[in-house]
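Overview (structure and organization)
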Amino acid sequence: MPILPLKDSGSQSSVPRESQKVDKFPYPDANSWSAQRMILCVPGQILNKILYFLPNIALDDVPIGSDEKFNKELRKVGKIPNFKFKPKSHYEIGKNLNLMDFDVAAKTSGARFVFLKGNLAKLERAISDFMLDTHTKKFDYLEISPPLIASSDAMFGTGQLPKFENDQFEIKFDDEKNRKFLIPTAEVILTNMIREKQLLYEELPLRFVASTACFRKEAGSYGKDTKGMIRQHQFYKVELVSLVEPQKCEEELDRMTKCASGILDKLKLPYRIVELCTGDMGFSAQKTYDIEVWVPSEKKYREISSCSTCGTFQARRMKAKYKNSKNEKNLLGTLNGSGLAIGRTMIAILENYQDKDGSCLLYTSPSPRDKRHYRMPSSAWKKKGGGGGGGGGGGGGG
C-alpha cells in the first residue's frame, strides 16, 4: 500500500502519516495518486459526507449486472389465467364499477392519487387485516402501530438520507434543524426502534410487522405507470422487519421471502421470485429477492414485494448492537420486506379474478374447489355505489 508524502507545495499535511496508507477506493477516478491524497486531506466532516453516499456491498453470490435484464429468475408459482376475452385493467374495472376515482383525487390532491369507494375500500382494509393476521398468527411477527413521521436521523439510519432526499416528502417546521419526513415505508420507523440500543443475543431474533400508509415523490419516474394504482404518491403496505445476528441474515431472508410469498399462495395468485443483480438492488441491500405477481392486462409480472438483507449496513448507521454468547459487542443484522403491497395485491385480485361481464369472483376460502365464494357484480355496484355488504371483506380474507 502506498504511503503518501506529508508535504505538497510547501504546505504541511494535517493527516497523520500512519493514516495515509491507502487501499482501493470504491468510486470512479478515486484510485489515482492525486485523488487518494485529496480525499485523505479533507476534513473529517466532508469525508463523512462522501462516505454517506456509498451503498452497501453486495454478497459474493449476487448476480452482477447493471439493470433488471441481469436479474435471475428463481422460480414461478401458480397458473397464469387463460381468459377467453381481453382482460380489463384494474383501473378500467374500478372506474366501470364506480368504485375507483382518479379524477376527483386529481382535483383534491393532484396526480398519482385515488379515491376507493364501497367494496373496494372494504377490500383494501380486508387485505391489510388478512396479511397482518397471517404474519402474526402463522409467522410469529409482532404487530406494531408506529408513527408515520420519521426524523432525519431515522431516515439516515435506514439509508433514505442523504442520497434519496429528493424522493421524500418533508414536513416543514419552524425549527429547520429538527427535520421530519413522512415515511416512504414502515421499514424506516420499525428498524429504528433499535437505534442506539444494545440488545442481548437471547432477545434475537426480533420480528416486526406493520400496516401503514407510505409516501413517495416517485422522483425520476416521470411518464412511468401514469394510469392506475401501480405507482402512487400515497399507498398502503404491510412491512416486515427482522433483527438477527449477522451470520443468520441469509437464513432469515429465505424465511421472510416465504412469509411474503405465502400470502400469494393463500390468494391463489400466480407469481415468480427473482434475485436482483448488483445494479438493480437498493442502496442498503446486500441481497434482494423480488416477488412479482402476474398482471393480466399488462401480460407481465410486476413487483409486489422486495425482501432484502442489509447485513450490518443499517445497524452501523444506527449504532445498533448486541452482545453475543461470548459477551462481545457486535453490530446487528437487519432485514426488511413487503408482506405485501396492499394496492398491488388488490390490482392482482381484480385482474386475475375478473369475468367477462366486469364482475369479480373472490373466494372466501383458500381453495377455489371450495364452493364458498362471493361474486362482486358490476350491476349492483353501479347502482348502489358499493353496497353489497361484507363481500369485499370476505374476499380480502383470502
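Preceding this section is the structure that the text describes.
Quick summary incoming for the structure in this document.

Each value, and the rule that gives it
- Residues numbered from 1 in each chain as written.
- Predicted model: local features only at pLDDT ≥ 70, side-chain atom pairs only at ≥ 80, totals over all residues.
- Heavy atoms only, no water.
- Pairing = 2+ DSSP bridges.
- Helix = DSSP H or I, 4+ residues; strand = E, 2+ residues; numbered from the N terminus.
- Buried < 20%, exposed > 50% of the residue type's maximum accessible area, 1.4 Å probe, protein only.
- Phe/Tyr/Trp six-rings, centres within 6.5 Å; stacked < 30°, edge-to-face > 60°.
- Core = buried A, V, L, I, M, F, W, Y, C linked by side-chain atoms within 4.5 Å.
- Contact = heavy atoms within 4.5 Å.
- Salt bridge = Lys/Arg side-chain N within 4 Å of Asp/Glu carboxyl O.
- Disulfide = S-S within 2.5 Å.
- Expected span 1.5 Å × (residues − 1).

**Some thoughts on the sheet that holds strand E7 (residues 149-151)**
Strand order in the open sheet made by the three strands is E7-E9-E8, with antiparallel pairing throughout. The outermost strands of the open sheet, each flanked by one partner alone, are E7 and strand E8 (170-171). With two bridges connecting them, E8 and strand E9 (residues 180-182) associate as antiparallel partners. Of the residues in E9, the one forming a bridge with Ile171 is Lys180.

**Observations concerning the pairing of strand E15 (residues 300-311)**
With nine of 12 residues buried, E15 lies mostly within the body of the structure. Summarising the sheet, strand E14 (residues 287-295) and E15 pair through nine bridges and their orientation is antiparallel. In the strand pairing of E15, Lys287 is matched with Thr309. Following E14, the chain reverses through four residues before pairing antiparallel with E15; Lys299 in that reversal takes a positive phi of roughly 55°. By the bridge criterion, three bridges tie E15 to strand E18 (residues 333-341) in an arrangement that is antiparallel. If you follow Gly311 over to E18, its bridge partner there is Thr334.

**Things to note about the packing of aromatic side chains**
The final tally for this structure, using the stated rule, is five aromatic pairs. Centre to centre, the rings of Tyr52 and Phe156 are 4.8 Å apart; their planes meet at 70°, and the pair counts as edge-to-face. On the criterion of sequence distance, the pair formed by Tyr52 in the loop between helix H2 (44-51) and strand E3 (72-77) and Phe156 in helix H6 (residues 152-158) is long-range, its members being 104 residues apart. Phe156 gets classed as buried once you look at its relative accessible area, which sits at 18%. Note on Phe283 and Phe313: the rings are 5.7 Å apart at their centroids and 75° apart in plane angle, and the pair reads as edge-to-face. Of the two residues, Phe283 sits in the loop between strand E13 (271-275) and E14 while Phe313 sits in helix H9 (residues 313-318), which places them 30 residues apart along the sequence. Taken together through their ring pairs, the aromatic side chains of Phe164, Phe283 and Phe313 make up a single cluster.

**Quick notes on the nonpolar core**
Ranked by internal contacts, the top residues of the largest apolar core, which has 47 residues, are Leu120, Met131, Leu264, Leu269 and Met346. Secondary-structure elements contributing two or more residues to this core are helix H5 (118-137), strand E12 (234-244), helix H8 (249-266), E13, E14, E15, E18 and helix H10 (342-352). Counting residues per element, this core draws most heavily on H8, at seven residues. Setting aside chain neighbours within four positions, we find Leu269 in contact with Val77, Leu264, Val293, Ala348, Ile349, Asn352 and Tyr353. The next biggest cluster of nonpolar side chains, apart from the first, holds 24 residues, and it includes Ile144, Ile194, Ala320 and Tyr322.

**Examining the pattern of salt bridges**
The full count for this structure, using the stated rule, is 13 salt bridges. The structure contains a network of salt bridges with shared partners spanning Glu218, Asp225, Arg231, Glu298 and Arg302.

**Some remarks on the state of the cysteines**
Taken as a whole and judged by the stated rule, the model has zero disulfides. The cysteine Cys259 is free of any disulfide, with Cys307 supplying the nearest cysteine sulfur at 8.7 Å. When its relative accessible area of 2% is taken as the criterion, Cys259 is described as buried.

**Re H5**
Given a rise of 1.5 Å per residue, 20 residues ought to cover 28 Å, and the 28 Å separating the end C-alpha atoms of H5 matches this to within 8%. Among all positions of H5, only Asn119, Leu120, Leu123, Glu124, Ala126, Ile127, Ser128, Phe130, Met131, Leu132, Thr134 and His135 are buried.

**A few points about the environment of Tyr236**
Here Tyr236 shows up in strand E12. Of the residues examined, Tyr236 reaches a relative accessible area of 32% and is grouped as partly exposed. Once the C-alpha coordinates of Tyr236 and Arg125 are considered, the two residues, 111 residues apart in sequence, prove to be 9.8 Å apart. Non-local contacts of Tyr236, meaning those with residues more than four positions away in its chain, are made with Glu124, Thr212, Ala213, Ala341, Ile342 and Gly343.

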